[in-house]
Amino acid sequence: MPPLRQRSEDAPFLAERHLRRTDPSRVWRLSVPLRRLLVSDALPWPGNIRQLESVIERARQRALTADPSATVLTPEHVEASDLGCDRLIVPAPGLGPDPSQPICAAFRIEKD
């Protein structure tokens, strides 16, 4: 099976599956901007699916902290550091993705 960075279009499906498995009492949805962020080719996903699950779990925790009745995850629930970059650049609502605009600015390089 190829790594997640080579099949980023699967990221939203995998994220929703993780949410159903870890929090079956709630019907979670991913906002359109978050879906766009997750499928971005700019994200290298060095930790593969485990990294995606960690990002989604942290986002879920942030969403529930902000609103205990939350059921929608948005880019505001994701921190740049979760994705291994210094800052996220999320397109404004209603705008389509701009391929010339990076999603994640200044990726940090993990050292062993």
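If you're wondering where the values come from, they're calculated on a predicted model, not measured in any experiment.

**Q** Could you give an account of the packing of helix α1 (residues 11-22) against helix α3 (residues 48-66), naming the residues involved and the relevant values?
**A** Running from N to C, α1 and α3 point in directions that differ by 60 degrees, and their axes come no closer than 10 Å. The pairing of α1 with α3 is recorded here as oblique in orientation. Seen along the crossing, α1 lies across α3 with a hand that is right-handed. For the pair α1 and α3, the contacting residues are A11, L14, A15, H18, L19, R21 and T22 in the first and I49, L52, E53, I56, E57 and R60 in the second.

**Q** Now, about unusual backbone geometry: what can you tell me, with residues and values included?
**A** Its identity is not glycine, yet W45 carries a phi of approximately 45 degrees, on the positive side. Inspection of the secondary structure puts W45 in the loop between α2 (32-38) and α3. Taking the relative accessible area as the measure of exposure, W45 reaches 1% and is therefore buried. In this structure, N48 takes a positive phi of about 55 degrees despite not being glycine. On the secondary structure map, N48 appears in helix α3.

**Q** So what's going on with the side chain of R60? Residues and values would help.
**A** Tracing the backbone through its elements, the reader meets R60 in helix α3. Accessibility expressed as a relative area gives 10% for R60, which makes it buried. Among the polar contacts made by the side chain of R60, one reaches the side chain of E57 at a distance of 2.7 Å. Those residues within four positions of R60 in sequence are excluded, and the remaining contacts are L19, T22, D23, W28 and L73.

**Q** So, the environment of R35: which residues are in play, and what are the values?
**A** Note on placement: R35 falls in helix α2. Classification of R35 as partly exposed rests on a relative accessible area of 30%. Taking the C-alpha atoms as reference points, R35 and L73, 38 residues apart in sequence, are found 9.5 Å from one another. Those residues in contact with R35 that lie beyond four places of it in its chain are P12, E16 and L30.

**Q** I'd like a description of α3, backed by residues and values.
**A** With 19 residues, α3 extends 28 Å between its outermost C-alpha atoms, agreeing within 8% with the 27 Å of an ideal straight helix rising 1.5 Å per residue. Taken as a whole, α3 has its buried residues at Q51, L52, E53, V55, I56, A59, R60, A63 and L64. In this structure, the buried residues of α3 make contact with α1, α2 and β2 (72-73).

**Q** Outline the environment of E53, listing residues and values.
**A** Inspection of the secondary structure puts E53 in helix α3. Distance in space between the C-alpha atoms of E53 and T22 is 10.0 Å, their sequence separation being 31 residues. Apart from residues lying up to four places away in sequence, E53 is in contact with H18 and R21. At 3.0 Å, the side chain of E53 forms a polar contact with the side chain of R21.

**Q** Report on the pattern of salt bridges, specifying residues and quantitative values.
**A** Counting across every chain of the model gives 9 salt bridges. Salt-bridge contacts for E57 lead to R60; the nearest nitrogen and oxygen are separated by 2.7 Å. On the criterion of helical spacing, the pair formed by E57 and R60 is a turn pair, its members being 3 residues apart in helix α3. On the basis of relative accessible area, E57 is assigned to the partly exposed category, the value being 21%. The partner of R62 in a salt bridge is D82, and the shortest N-O contact between them spans 2.7 Å.

Cut-offs applied
Residues numbered from 1 in each chain as written. Predicted model: local features only at pLDDT ≥ 70, side-chain atom pairs only at ≥ 80, totals over all residues. Heavy atoms only, no water. Axes fitted to C-alpha atoms, helices over the stretch in contact; angles between N-to-C directions. Helix = DSSP H or I, 4+ residues; strand = E, 2+ residues; numbered from the N terminus. Parallel < 35°, antiparallel > 145°, perpendicular 65-115°, else oblique. Left-handed = near helix turned anticlockwise from the far one by under 90°. Contact = heavy atoms within 4.5 Å. Buried < 20%, exposed > 50% of the residue type's maximum accessible area, 1.4 Å probe, protein only. Polar contact = N/O pair within 3.5 Å; in protein donor to acceptor, adjacent residues only side chain to side chain. Expected span 1.5 Å × (residues − 1). Salt bridge = Lys/Arg side-chain N within 4 Å of Asp/Glu carboxyl O.

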